[in-house]
Amino acid sequence: MAYDKFTILRSTAVPLPIENVDTDQIIPARFLKATKREGFGDNLFRDWRYNGDDTPKQDFVLNNPIYSGKILVGGHNFGSGSSREHAAWAIYDYGFRCVVSSFFADIFKGNSLNIGILPVQVSAAFLDKIFLAIEADPNAELEVNLPDQKITILSTGESESFDINGYKKHNLMNGFDDIDYLQAMKNEIREFETERIY
């Protein structure tokens, strides 16, 4: 399944300064029955977003109209817990294309990269600067430059580099998942087959 190409994302951000956000908080287990990737965004952070009668919890950030954007800024150790890929699906389906944290659980990070979400890991100090910038101005924008592997707080000009696997970077910049990557190499694969000597 192809995804939107990710090169440079400039957007406001939604702050979630909570540490140890696990995948069951991101998408509760009772919503994992579906096998298609659509519709999970409705239940992103379901138990934090809604009361038992399905009315929105006014104090949760996703229900606060002053915050919006395609970037979610989370606390340390984001995406821990079970390996459910539905957590990444829910974040993507809600509309986020980038998650920023000072640390990601490895499996969540891999699941995100596989479906077109860029997890940007920054230092704890820089994460604090992002939260402060958003607190000062909810309309403050971040620029995430994947080709240069750099994230910038546009209101202050402060920036920091981030790491990413070269193969995953290539796929994100081309809107590929693993199958799309192989499909794009069809001609090279066929050429290799014809030239191979058994």
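Structural notes, computed from the coordinates.

Basis of the calculations
- Residues numbered from 1 in each chain as written.
- Predicted model: local features only at pLDDT ≥ 70, side-chain atom pairs only at ≥ 80, totals over all residues.
- Heavy atoms only, no water.
- Helix = DSSP H or I, 4+ residues; strand = E, 2+ residues; numbered from the N terminus.
- Buried < 20%, exposed > 50% of the residue type's maximum accessible area, 1.4 Å probe, protein only.
- Contact = heavy atoms within 4.5 Å.
- Areas by Shrake-Rupley, 256 points an atom, 1.4 Å probe, with all protein chains shown as cover.
- Salt bridge = Lys/Arg side-chain N within 4 Å of Asp/Glu carboxyl O.
- Polar contact = N/O pair within 3.5 Å; in protein donor to acceptor, adjacent residues only side chain to side chain.
- Pairing = 2+ DSSP bridges.
- Axes fitted to C-alpha atoms, helices over the stretch in contact; angles between N-to-C directions.
- Parallel < 35°, antiparallel > 145°, perpendicular 65-115°, else oblique.
- Left-handed = near helix turned anticlockwise from the far one by under 90°.

1. Topic: the overall build of the protein chain
Of the regular secondary structure elements, the protein chain holds eight helices and seven strands. When burial is assessed residue by residue, the protein chain has 43% of its 198 residues classed as buried. Counting only contacts in the protein chain whose residues sit at least 6 apart along the sequence, the fraction spanning at least 24 positions is 65%. For the protein chain, the accessible area works out to roughly 10,500 Å², and carbon and sulfur atoms hold 49% of it.

2. Quick word on the pattern of salt bridges
For side chains of opposite charge, pairing can occur when their charged atoms come near one another. A full pass over the atoms with the stated rule returns six salt bridges. Close ionic contact of Asp-54 with Arg-46 constitutes a salt bridge, the shortest N to O distance being 2.6 Å.

3. Description of the side chain of Asn-77
For Asn-77, the location among the structural elements is in the loop between strand 2 (71-74) and helix 3 (86-94). Here the side chain of Asn-77 touches Asn-20 through a polar contact of 2.9 Å, side chain to side chain. In this view, Asn-77 contacts Asn-20, Val-21, Ser-101 and Phe-103; residues no more than four positions away in its chain are not counted.

4. Examining the sheet that holds strand 5 (residues 141-145)
As summarised here, the arrangement of the seven strands in space is 4-3-2-1-5-6-7, forming an open sheet in which the pairing is mixed. Of all strands in the sheet, those with a lone pairing partner are strand 4 (118-121) and strand 7 (158-161), marking the two edges. Strand-to-strand twist in this sheet, taken as the mean axis angle between neighbours without regard to direction, amounts to 30°. Pairing geometry for strand 6 (residues 150-153) and strand 7, over four bridges, is antiparallel. Bridging across to strand 7, Ile-153 finds its partner in Glu-158.

5. Some points on the packing of helix 3 against helix 4 (residues 106-114)
Two quantities define a packed helix pair, namely the angle between the axes and the distance from one axis to the other. Relative to each other, helix 3 and helix 4 sit at 50°, their axes nearing to 8 Å. Our classification of the angle between helix 3 and helix 4 gives oblique. The way helix 3 lies across helix 4 gives a crossing that is right-handed. Residues Ala-87, Ala-88 and Ile-91 of helix 3 touch helix 4, and the partners they reach there are Phe-108, Asn-111 and Ser-112.

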